[in-house]
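In case you want the letters, here they are:
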Amino acid sequence: MNGYTGLMVFAEQREGSIHPVSYELLGKGRELADSLGVPLSGVLLGSQIKEEAGELIYYGADKVFWYDHPVFNDFNLLNYKLNLVKLVKEVKPEIFLLGATHWGRSLGSRVAAALGTGLTADCTSLAIDKDGSLVQIRPAFSGNVLAHIKTRTRPQMATVRYKIMQSLRRDVGRKGEIIRKEAELTPSLLTIVHKEKSGEVNVAEADVIVSGGMGLKKAEDFCLLADLAKLLGGVVGSSRPPVDSGWIAREHQVGFSGNTVKPRIYIACGISGSPQHLAGMRESEVIIAINSDPSAPIFRVADYGIVGDLYHVVPKLIDRIKIRRSGS
Amino acid sequence: MRTIVPIKQVPDMSQVKFKADKRIVDRSSANAEINPFDLYALEAAVQIKEKLGGTITAISMGPGRAETALRDALARGADRAVLLEDRTLAGADTLATSYTLASAIKKLGEFDLIICGEKTVDGDTGQVGPELAEHLGIPHVAYVSRLAEVGERLVAVCDMEAELYTVESGLPVLITVTKDANTPRLPTFRDKVNARKARVEIWSAEELSTVADPDRFGVRGSPTRVHKVMIPIEEGRKGKVFRNTVDKATDEIADAIVNLLGGKSNIGDE
Ligand SMILES: Cc1cc2nc3c(=O)[nH]c(=O)nc-3n(C[C@H](O)[C@H](O)[C@H](O)COP(=O)(O)OP(=O)(O)OC[C@H]3O[C@@H](n4cnc5c(N)ncnc54)[C@H](O)[C@@H]3O)c2cc1C
Ligand SMILES: Nc1ncnc2c1ncn2[C@@H]1O[C@H](COP(=O)(O)O)[C@@H](O)[C@H]1O
């Protein structure tokens, strides 16, 4: 369509390191580009991070458009937008993907509006249709349905959820071209005056998560789950209601409006398994569910389920694990 | 402070029926309400007005029945309510919605601050706010969890997932607020009664034609199309579910966990 060709992936970086969702996009982008027979490029805006541009090639890009300027150290929204819009108009990719992080969604919206093109939010799956157009699949209605969306303008833009796509294995033998671009600057109307870490836990990256839901009787009972989590070197997660009740901080929330997680072990204690909760954890490698209601939907996605009272089961499980550990 | 709060009427998600067999979304089964996330935007506007004075204009694009959502906004503290209602506005995606809202805001005249919700529960994109800011050519701060200062300038804390950024901006500016920003108040009975009598202005597409290109409204102005809607069918895992056998269950599961994690986990401090 009017000379638009190829795929472009926005490489999000924070403090000079690439957000893993960008590698996942390159993984998916490689697959889509190969099926279309077109090149895959990455865009990296940053300050003195040329090595990271090389990383994008190791993870699947054929080309990297690389901008080097101190304004890109921070999330300088309007300067990011200005340069991305200019680049898209020049390179004309038919598909342009960003991670559905808060930053990607905020920036992507502005870029799409400036280009006058469509943007599909928070996709969980992407495919190429028979006519060569991009099918963007995303949850809507609070995760209750999956919508298949197509875009009739170019580029076809989408933000894609973190931890859904697979990144390729890093391959230092992969060759590609790094194209340096000069940044055009606009006076910044927004200034970041302070940054701080938002919390101690990072459920999105944890290997083991022990989550609690409304089966818990009070806030303090998360301690029981914390004991099990600590024993396994993991962290505590939560369904949404305990978060809304103020029992535990929001960064622990797993699900549609919380974190998407993919740990090696996910233990759901007193969680019914609503579609919104499952949306955030169904990709976990091993799912263990403890629930007193044998008909709870969580059992349908579990590898191991125990029908029982979590106040009885969790301490027992802790004991058994300790016994095995001390025995070996 | 002249504040504008774009709100959307959405179905009450706890009542919408999703029929997996027929693959349809039955909106008629649910009552309509203000998008829950927009209540935080309204509350933020009301708190600013209480401090600094000024006006709050609630604006919505939607069918005629969205008037009730705007009345609710009036009861919650908005001074003026405008509904953009026209057949030609229907079927809009985020680009057309934000363009239409931007046109109406241009027509309303000068403003200092626009406050949107983080996202809607039906559309679920969080795109309309930032796209609206782009059409108006003003900066925006998304995912604001705390408003530290509003006056000559705006200072807001925004949630960038692993980090919190404090961002400063001049006015006018658009922000989208999260659930952490405040606790919305319930309107009093008197406020509700007064709002029932208040006027909701209805604007047609015609009224926007002096400031906008009608080709960019509604379905025609929407580059994205929903081709299919599916109710996800849970694939499930054929897991092992233990009933009435807690001892056996915990034995087997403890084995599985220890095997999976091997020597990798921290036994050290036990
Ligand atoms: C827009 C939107 C976004 C949402 N986002 C999320 C999200 O991100 N994450 C999320 O989790 N939810 C989310 N929800 C909410 C979701 O729909 C459910 O309400 C929620 O997941 C239910 O949490 P729960 O399973 O802890 O509670 P419940 O559904 O109340 O389940 C509690 C379970 O505990 C069991 N139980 C009770 N006592 C015991 C006991 N002693 N021992 C063992 N089991 C016991 C019960 O049998 C029951 O199955 C969202 C909803 C909407 C509308
Ligand atoms: N039809 C609409 N009318 C007025 N405001 C809207 C409309 N749709 C979205 N918004 C605003 O944009 C925000 C984000 O919506 P969305 O991009 O649909 O998730 C909402 O919280 C509202 O503040």
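Remember, predicted model here, so these are calculated numbers, not experimental data. (Residues numbered from 1 in each chain as written. Chains lettered and ligands numbered in written order. Predicted model: local features only at pLDDT ≥ 70, side-chain atom pairs only at ≥ 80, totals over all residues. Heavy atoms only, no water.)

Thoughts on the confidence of the model for chain B
All names here are of chain B.
Reasoning step 1: Summarising the model, chain B shows a mean pLDDT of 91, and 94% of its residues fall at 70 or more.
Reasoning step 2: Note that pLDDT drops below 50 for residues 264-270; the model gives that stretch 15 contacts with residues more than four away or on any other chain.
Reasoning step 3: Note on the complex model: pTM 0.87, ipTM 0.87. (pLDDT = per-residue confidence, 0-100. Contact = heavy atoms within 4.5 Å.)

Some thoughts on the nonpolar core
Reasoning step 1: Among the nonpolar cores identified, the biggest contains 65 residues, and Phe10(A), Phe96(A), Leu107(A) and Ile115(B) are the most heavily contacted of them.
Reasoning step 2: Per-element accounting of this core gives the leading share, 8 residues, to helix H1 (residues 36-52) of chain B.
Reasoning step 3: With residues near it in sequence (within four places) discarded, Phe96(A) still touches Met8(A), Val9(A), Phe10(A), Leu84(A), Val88(A), Val111(A), Pro155(A), Gln156(A), Met157(A) and Ala158(A).
Reasoning step 4: Among the nonpolar cores identified, the runner-up in size contains 34 residues, and Leu228(A), Val236(A), Ile318(A) and Phe242(B) belong to it. (Core = buried A, V, L, I, M, F, W, Y, C linked by side-chain atoms within 4.5 Å. Buried < 20%, exposed > 50% of the residue type's maximum accessible area, 1.4 Å probe, protein only. Helix = DSSP H or I, 4+ residues; strand = E, 2+ residues; numbered from the N terminus.)

Examining unusual backbone geometry
Reasoning step 1: Cis geometry marks the peptide bond from Arg154(A) to Pro155(A); its omega dihedral reads 0°.
Reasoning step 2: The topology assignment puts Pro155(A) in the loop between strand E10 (145-151) and strand E11 (156-160).
Reasoning step 3: A cis geometry characterises the amide bond from Leu171(B) onward to Pro172(B), with omega recorded as -5°.
Reasoning step 4: Its place among the elements puts Pro172(B) in the loop between strand E11 (163-170) and strand E12 (173-177).
Reasoning step 5: Even without being glycine, Gln48(A) reaches a positive phi, approximately 55°.
Reasoning step 6: Within the secondary structure, Gln48(A) sits in the loop between strand E4 (40-46) and helix H2 (50-58).
Reasoning step 7: At Glu161(B), a position not held by glycine, the phi torsion is positive, near 65°.
Reasoning step 8: In this fold, Glu161(B) is placed in the loop between strand E10 (153-160) and E11.

Some details on the interface of chain A and chain B
The figure often quoted for interface size is the accessible area lost as the parts come together.
Reasoning step 1: Contact with chain A, which involves 88 residues of that partner, is made by 82 residues of chain B.
Reasoning step 2: Summed over both partners, the interface of chain A with chain B comes to about 7600 Å²; 56% of that surface belongs to carbon and sulfur atoms.
Reasoning step 3: Across the contact surface, chain A and chain B share 11 salt bridges.
Reasoning step 4: For Arg237(B), the salt bridge identified is with Asp303(A), shortest N-O distance 2.7 Å.
Reasoning step 5: Where chain A packs against chain B, one counts 44 residue pairs in polar contact (both at pLDDT 80 or more).
Reasoning step 6: Classifying every residue of the side of chain A that touches chain B gives 39 nonpolar, 22 polar and 27 charged.
Reasoning step 7: Pairing of strand E18 (residues 304-307) of chain A with strand E15 (residues 240-243) of chain B, which is carried by 4 bridges, proceeds in the parallel orientation. Opposite Ile306(A), over in E15(B), you have Phe242(B) as the bridge partner. (Buried area = accessible area lost by both parts, 1.4 Å probe. Salt bridge = Lys/Arg side-chain N within 4 Å of Asp/Glu carboxyl O. Polar contact = N/O pair within 3.5 Å; in protein donor to acceptor, adjacent residues only side chain to side chain. Nonpolar A, V, L, I, M, F, W, Y, C, P; charged D, E, K, R; others polar. Pairing = 2+ DSSP bridges.)

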